[in-house]
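# Observations on the three-dimensional arrangement
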Protein chains: 2
Amino acid sequence: MKASNMTTSQSKSLSKLIYPFSVAIIGASANKKKIGYEIYKNIKKFKGHIYLVNSKGGNIGGNKIYSSIISIKDEIDLAIIAIPATYVIDVIEECGKKGVKAAVIITAGFSETGNESTEQELLAVAKQYGVRIVGPNSVGIANNDITMNGTFIMDSKKGHISFISQSGALGAAIVYKTIYENIGFSKFISLGNMVDINFCDMVEYLATDNDTKSIALYIEGIKNGKRFIKIAKRCSLKKPIIALKSGKSNSGSRAAASHTGSMAGDDDIYEAAFRQAGILRADTIDDLIDWANVFSLNKTTGNRVAILTNAGGPGILAADECEKQGLIVAKLSKETSEKLKKILPPYASTNNPIDTIAQAGYEEYIKSLKILQEDTMIDAILAVVVVPNFTNIGMTVHARALVDGWDKEKTLITCFMSGEIATASMRYMAANDIPCYPSPERAAKALGALWSYSRWYNEHKNKDTDIPNRN
Amino acid sequence: MKASNMTTSQSKSLSKLIYPFSVAIIGASANKKKIGYEIYKNIKKFKGHIYLVNSKGGNIGGNKIYSSIISIKDEIDLAIIAIPATYVIDVIEECGKKGVKAAVIITAGFSETGNESTEQELLAVAKQYGVRIVGPNSVGIANNDITMNGTFIMDSKKGHISFISQSGALGAAIVYKTIYENIGFSKFISLGNMVDINFCDMVEYLATDNDTKSIALYIEGIKNGKRFIKIAKRCSLKKPIIALKSGKSNSGSRAAASHTGSMAGDDDIYEAAFRQAGILRADTIDDLIDWANVFSLNKTTGNRVAILTNAGGPGILAADECEKQGLIVAKLSKETSEKLKKILPPYASTNNPIDTIAQAGYEEYIKSLKILQEDTMIDAILAVVVVPNFTNIGMTVHARALVDGWDKEKTLITCFMSGEIATASMRYMAANDIPCYPSPERAAKALGALWSYSRWYNEHKNKDTDIPNRN
């Protein structure tokens with residue numbers, strides 16, 4: 001795939017940013033109270049070349065610290081900068097002279113504290129030398145595809161969501177939440193003040209990234225809205241984009257304006273523009289991640305759903321939410337219903353939702369899946385499992401059956417309820433790229449998002465010949 | 001408080017059900033594969049008298065097993081029955097003869113499997129002897145106020161929500177979820193087939209229970225709707241009632257009818273009736289528990305909210321959700337704003353949301369709370385904290401400050417974001433009866449529910465003189 005509309009040199013700089021072979025940590029420190037220590041600690045696992053830089057020199061754990069980036073002989077792809085604000089411009093100039101094409105500036109104290117002029121000066125220097133900048137005021141960037149955590153926050157789990165956040169703290173909070181929920185990221189990019197690299201650049205770059213299945217955005221305000229929507233519309237055809245745009249309300253919009261310096265803008269305009277561009281608009285943090293995660297299936301879907309559950313109540317809640325999402329809880333054919341009756345326990349319900357009752361085990365789930373997968377009147381299977389407490393030693397037979405019995409053709413979304421005792425099953429789903437949720441409503445909502453994207457995709461897939469269609 | 005409309009003998013039977021001094025486990029078993037073993041294992045911690053009964057006799061771990069309840073000399077308040085369906089009626093008759101006034105029937109295989117006539121026969125026998133019945137097909141009942149887990153599911157955490165579920169499996173899944181989320185229950189009652197004791201009985205009983213602060217209901221269908229609404233309307237004045245009623249959709253409603261045997265009924269009728277009775281209608285499992293938990297504050301609230309946060313993004317999301325819920329993100333007075341400016345770091349935002357920025361610590365939070373609590377134009381404080389990863393050894397200074405600085409007068413709702421590293425802080429909030437949520441949206445929604453209840457309460461508190469007002 002080619003990175004349409006991006007010049008080759010732009011695309012190359014972003015490659016060096018996201019897939020560097022060599023990284024310099026400028027401001028690396030052995031002092032555990034410094035951010036430069038946190039970044040050093042996190043980047044250590046990176047398999048590329050790591051260079052530590054600090055004007056004080058010395059070493060950390062036997063690793064040499066260079067006194068400046070200039071004194072490094074080898075080529076440096078990416079500089080991650082965590083030094084006091086007053087030195088940042090000089091260091092960017094040094095990076096430019098050294099031929100570094102990409103830098104992440106962690107340092108704060110620029111436009112977000114009213115220091116607009118220094119930030120513009122920084123940009124001018126960066127442009128002069130052709131250095132692309134993430135930040136300032138970023139918590140860093142991470143690429144789990146190459147085991148690079150260039151942030152001062154904890155490692156996220158490896159997966160296929162690429163997450164771009166305008167707020168560093170919220171970005172961190174979301175990463176920590178996904179660790180807890182066993183959801184994985186490919187890239188995490190904290191954009192900070194966006195003096196240079198912004199949503200447009202990153203969405204365009206990630207649209208052609210092989211390790212990314214969906215792109216999640218946390219947005220407070222976008223400066224060049226028209227350009228963003230134009231790019232997003234093209235990129236949505238390759239990678240589904242899910243956005244949480246805050247500042248919907250009056251007070252929230254005022255706060256966003258003061259927090260990021262950019263106008264949050266009229267929410268109706270965002271709403272319409274997002275719809276036009278095929279961007280799924282999340283209402284909450286949970287939606288943002290839940291919906292991004294549904295694309296781990298890497299496919300579009302139809303809307304005729306079969307709900308397969310081992311407990312009546314959760315099945316009903318799933319059906320309620322499916323209909324609310326515009327999905328059809330399909331009436332099962334007589335044939336399918338009778339096939340199910342033959343293999344399920346006597347008091348199971350073979351209408352839809354299909355309630356296998358608690359007694360059904362591995363074999364019943366394998367067979368049920370097979371019957372539902374053979375039914376051409378069903379597009380998607382939503383499996384809702386209440387994990388019984390007797391299973392608290394590991395994952396349930398249902399989890400094993402869903403992985404073993406899935407044909408990978410039919411859409412399969414799962415829900416494993418029961419807090420901690422569901423964890424092993426949820427992890428197993430994640431390891432097999434099957435979207436999994438802790439409640440039937442969240443599972444049904446995510447399936448709704450997948451269906452909503454699928455409709456948009458089918459309407460638009462043949463209209464734009466600029467880029468290859470999504471497989 | 002008197003249990004209005006309930007006869008004294010009814011109320012007494014329910015006391016024996018929920019606050020028994022002596023419990024007989026009929027079907028107790030040393031066989032770890034039996035439900036009778038799970039119940040024995042769970043009830044062991046109960047400080048009242050426990051009697052084990054099984055027609056086979058013998059003992060479990062040195063504890064005598066009586067061959068029948070008749071052979072026990074002491075008085076038995078409550079019988080929990082987990083024996084094959086064919087013997088249940090005989091055992092209820094024995095319970096009646098023995099003078100037992102309450103029984104929980106775990107055994108399944110009655111109306112839920114089409115065996116309607118046996119269930120009616122069972123009811124007739126119970127009525128003849130004045131034995132009140134929970135079930136059949138119940139997972140049991142628990143009362144954490146007296147450390148009694150009379151179910152075959154895990155111990156829930158101790159707290160002040162009383163939860164009544166028509167679905168056993170969903171009830172269990174919700175209990176497990178609350179263990180994970182550090183939310184506590186006073187009572188958990190799995191109603192099963194509701195041959196005798198139903199939502200009306202339990203709501204009426206719990207409305208006068210001192211250990212209960214709110215009542216959460218999972219409902220699939222109610223048989224005597226008018227009576228329920230009449231009772232709920234009175235009881236809502238004493239204890240807020242939150243209900244998740246499934247079967248909203250066409251397919252869900254059909255499934256509910258088949259699952260519980262009762263018609264789910266026209267959803268609009270439920271919606272209107274709930275509103276009339278002051279019942280907060282939850283849309284999801286998360287809502288049900290989140291909203292029930294907001295009443296751990298044990299107070300009503302006004303709608304003028306101050307949002308206090310250490311991170312801009314989450315503050316904006318909280319503001320957005322507050323306005324969506326009909327709450328007012330109050331414009332701060334010049335005085336309050338200036339007081340905050342004096343004590344917060346230079347780049348903090350002293351508009352509402354108040355963004356203390358990450359640097360603010362214990363002292364700044366104590367002082368901010370004090371300033372906001374003194375402002376008579378603010379009814380509620382919503383504190384939204386992103387837990388920094390450096391704190392992963394325990395709870396944050398923010399958590400300590402919120403507990404130490406809270407005057408217990410102003411409404412205080414909290415959110416601690418960041419997955420597992422927020423757990424210690426969340427537990428500390430729960431231990432201090434301060435509602436706490438993992439996302440700003442869920443926190444704001446819960447505050448919205450509290451405000452919605454408060455409006456209803458204020459409108460109705462003087463209209464019904466039948467019962468004392470809520471304190």
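Described below are features of the structure shown in this document. Keep in mind that this is a model prediction, so the values were computed, not measured.

## Considerations on the overall build of chain A
Looking only at helices and strands, chain A features 16 helices and 20 strands. Taking 23 Å as the expected radius of gyration for a compact globule of 471 residues, we find that chain A reaches 24 Å, a close match to that expectation. Each principal axis of the C-alpha distribution contributes one length, and for chain A these read about 75 × 50 × 40 Å. Here chain A holds 471 residues, and the buried ones make up 63% of them. A fraction of 75% describes how many contacts in chain A between residues 6 or more apart in sequence connect residues 24 or more apart.

## Digging into the side chain of S138 of chain A
Residues and elements named next belong to chain A. Mapped onto the elements, S138 comes out in the loop between strand 7 (132-134) and strand 8 (140-143). Here the side chain of S138 touches G140 through a polar contact of 2.7 Å, landing on its backbone nitrogen. A polar atom in the side chain of S138 sits 2.7 Å from the backbone oxygen of S190. Discounting residues that sit within four places of it in the chain, S138 has contacts with V104, I105, I106, F152, S190 and G192.

## Description of the sheet that holds strand 6 (residues 102-105) of chain B
Residue and element names in this part refer to chain B. Here we have 7 strands laid out as an open sheet, ordered 3-4-2-1-5-6-7, and mixed in their pairing. Bordering the open sheet on either side are strand 3 (59-60) and strand 7 (132-134), each of which pairs with just one other strand. Contacting strand 1 (22-26), strand 2 (49-53), strand 3, strand 4 (63-66) and strand 5 (78-81), helix 2 (residues 35-43) runs over the sheet at an angle of about 160 degrees to strand 1.

## Section: the interface of chain A and chain B
A common way to report how large an interface is uses the accessible area buried once the components associate. Across the contact, 60 residues belong to chain A and 59 residues belong to chain B. The contact between chain A and chain B buries some 4,500 Å² in all, and 64% of this surface belongs to carbon and sulfur atoms. Remark: the boundary between chain A and chain B carries 0 salt bridges. Where the side of chain A that touches chain B is concerned, the elements lending two or more residues are helix 5 (168-181), helix 8 (250-260), helix 10 (285-294), helix 11 (312-324) and helix 16 (440-460) of chain A. If you tally residues by element for the side of chain A that touches chain B, the top one is helix 11 of chain A, at 9 residues. The residue makeup of the side of chain A that touches chain B, split by class, is 27 nonpolar, 20 polar and 13 charged.

## Brief notes about the relation of the copies chain A and chain B
Expressed as a screw operation, the relation of chain A to chain B combines 0.0 Å of axial shift with a rotation of 180 degrees, fitting to an RMSD of 0.0 Å. Within this description, the copies of the chain are treated as partners about a two-fold rotation axis. With an isologous cut-off of 70% or more, the 98% of interface residues of chain A that recur at the interface of chain B puts this contact in the isologous class.

## Here's the deal with the packing of aromatic side chains
Residue and element names in this part refer to chain B. The final tally for this structure, using the stated rule, is 19 aromatic pairs over all chains. An angle of 55 degrees between the planes, with centres 6.1 Å apart, marks the rings of Y51 and Y66 as tilted. Of the two residues, Y51 sits in strand 2 while Y66 sits in strand 4, which places them 15 residues apart along the sequence. Judged by its relative accessible area of 9%, Y51 is buried. A residue is classified by how much of its surface remains accessible, and Y66, at 18% relative accessible area, is buried.

## A look at the packing of helix 3 (residues 85-98) of chain B against helix 4 (residues 116-129) of chain B
Between two packed helices, what matters for the description is the angle formed by their axes and the separation of those axes. Residues and elements named next belong to chain B. Close contact between helix 3 and helix 4 brings their axes to 9 Å; oriented N to C, the two are set at 5 degrees. Taken together, the axes of helix 3 and helix 4 are roughly parallel relative to one another. Here helix 3 contributes V88, I89, I92, E93, G96 and K97 to the contact with helix 4, which in turn contributes T118, E121, L122, V125, A126 and Y129. Here the residues of the contact of helix 3 with helix 4 are counted per class, giving 7 nonpolar, 2 polar and 3 charged.

Conventions we followed
- Once a new chain begins, its residue numbering starts again from 1 and follows that chain's sequence as written.
- Here every chain gets a letter starting at A, and every ligand a number starting at 1, in the order they are written.
- Thresholds applied to this predicted model are a pLDDT of at least 70 for local features of residues and 80 or more for the giving and counting of side-chain atom pairs; totals over whole chains, interfaces and linings are not thresholded and use all residues.
- To obtain the side-chain values, all non-hydrogen atoms of the structure were used and water was disregarded.
- Working definition: helices are DSSP H or I runs of at least four residues, strands are E runs of at least two. Numbering for both runs from the N terminus.
- Computation of the radius of gyration draws on C-alpha atoms, with the globule rule given as 2.2 Å multiplied by the number of residues to the power 0.38.
- Relative accessible area decides the class of each residue, using a 1.4 Å probe on protein chains only: under 20% of the type maximum gives buried, over 50% gives exposed, and in between gives partly exposed.
- Contact definition: two residues touch when any of their heavy atoms are within 4.5 Å.
- N or O atoms closer than or at 3.5 Å make up a polar contact, with two conditions inside protein: a donor-capable atom paired with an acceptor-capable one, and, for residues adjacent in sequence, both atoms drawn from side chains.
- Strands are treated as partners if at least two bridges between them are detected by DSSP.
- All axes are obtained by fitting lines to C-alpha atoms, using only the stretch in contact for helices, and the reported angles, taken between N-to-C directions, cover 0 to 180 degrees.
- Defined here as a combined quantity, buried area equals the accessible surface (1.4 Å probe) lost by two parts on assembly, summed across both.
- What counts as a salt bridge is simple: a side-chain nitrogen of Lys or Arg found within 4 Å of a carboxyl oxygen of Asp or Glu.
- Here the term charged refers only to Asp, Glu, Lys and Arg, the term nonpolar to Ala, Val, Leu, Ile, Met, Phe, Trp, Tyr, Cys and Pro, and the term polar to all other amino acids, Gly among them.
- A least-squares superposition brings the copies together, and it is based on the C-alpha atoms of residues with pLDDT no lower than 70 in both.
- Any two rings among Phe, Tyr and Trp, with Trp reduced to its six-membered ring, count as a pair given centres within 6.5 Å; such a pair is stacked if its planes are under 30 degrees apart, edge-to-face if over 60, and tilted if neither.
- Comment on the angle field: the value is read as roughly parallel under 35 degrees, roughly antiparallel over 145, roughly perpendicular from 65 to 115, and oblique elsewhere.

All we've got here are geometric facts, nothing functional implied.
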